[in-house]
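# Geometric and topological summary
Listed below are the residues making up each chain.
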Amino acid sequence: MKITTFDPIIVTNHFEDVVSLFEALGFEKKHAPVTDLGDHKVRSFRMKHPEGYHVDVAESANVDRDISYIRMNVDNFDEAYQIFMDHGFTNPRGDGTIDSKSSKAASLISPTGFRMALVQHIKNHD
């Protein structure tokens, strides 16, 4: 399994404020996906700093306070998922994943409480 991306993601109900903060720090919006979670959609921005740093900001009305995740993109979701499960992580959706035409993802919680957003991008999609 290869890790292809590793950076922070902030889930917030103060989307415009957080995006504005990172723009003031020199980050630029690079990608703006919308993810359908079934019961609601999540708008997000992938932002990049000129020095090569990245941060993702995702909007969710379902959070009272901001939640920070580490986003890790991999080339083999199932292998990475099993490694996390073997180390005591839990998936709040049971074993459910968030599947779209372009990715497979799951939010995972460590035994000590930090959160991972595990993602595999699907290369050949419509």
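The paragraphs below set out a description of the structure included in this document. (Residues numbered from 1 in each chain as written. Predicted model: local features only at pLDDT ≥ 70, side-chain atom pairs only at ≥ 80, totals over all residues. Heavy atoms only, no water.)

## Side note on the nonpolar core
Counting 11 residues, the largest nonpolar core consists of Met72, Val74, Phe77, Ala80, Tyr81, Phe84, Phe89, Ala106, Leu108, Met116 and Leu118. Of all elements in the fold, only β6 (67-74), α2 (77-86), β8 (103-109) and β9 (115-121) reach the threshold of two or more residues within this core. Dropping the residues within four chain positions of it, Phe89 is found in contact with Phe84, Leu108, Ile109, Ser110, Pro111, Phe114 and Met116. With 10 residues, the next largest nonpolar core counts Ile10, Phe27, Phe45 and Val57 among its residues. (Core = buried A, V, L, I, M, F, W, Y, C linked by side-chain atoms within 4.5 Å. Buried < 20%, exposed > 50% of the residue type's maximum accessible area, 1.4 Å probe, protein only. Helix = DSSP H or I, 4+ residues; strand = E, 2+ residues; numbered from the N terminus. Contact = heavy atoms within 4.5 Å.)

## Focus on α2
All buried positions along α2 are accounted for by Phe77, Ala80, Tyr81 and Phe84. Taken down its axis, α2 places every buried residue within 100° of arc, on the same side. Turned more than 90 degrees away from the buried face of α2 sit Asp78 and Asp86, all of them exposed. The secondary structure elements touched by the buried residues of α2 are β6, β8 and β9. One side-chain oxygen of the residue at the start of α2 lies 3.3 Å from the amide nitrogen of Asp78, identifying that residue as Asn76. In the stretch just after α2, Gly88 is the one whose phi turns positive, near 90°. (Arc of directions from axis to C-beta. Polar contact = N/O pair within 3.5 Å; in protein donor to acceptor, adjacent residues only side chain to side chain.)

So far we have only geometry, and geometry alone does not tell us how the molecule works.
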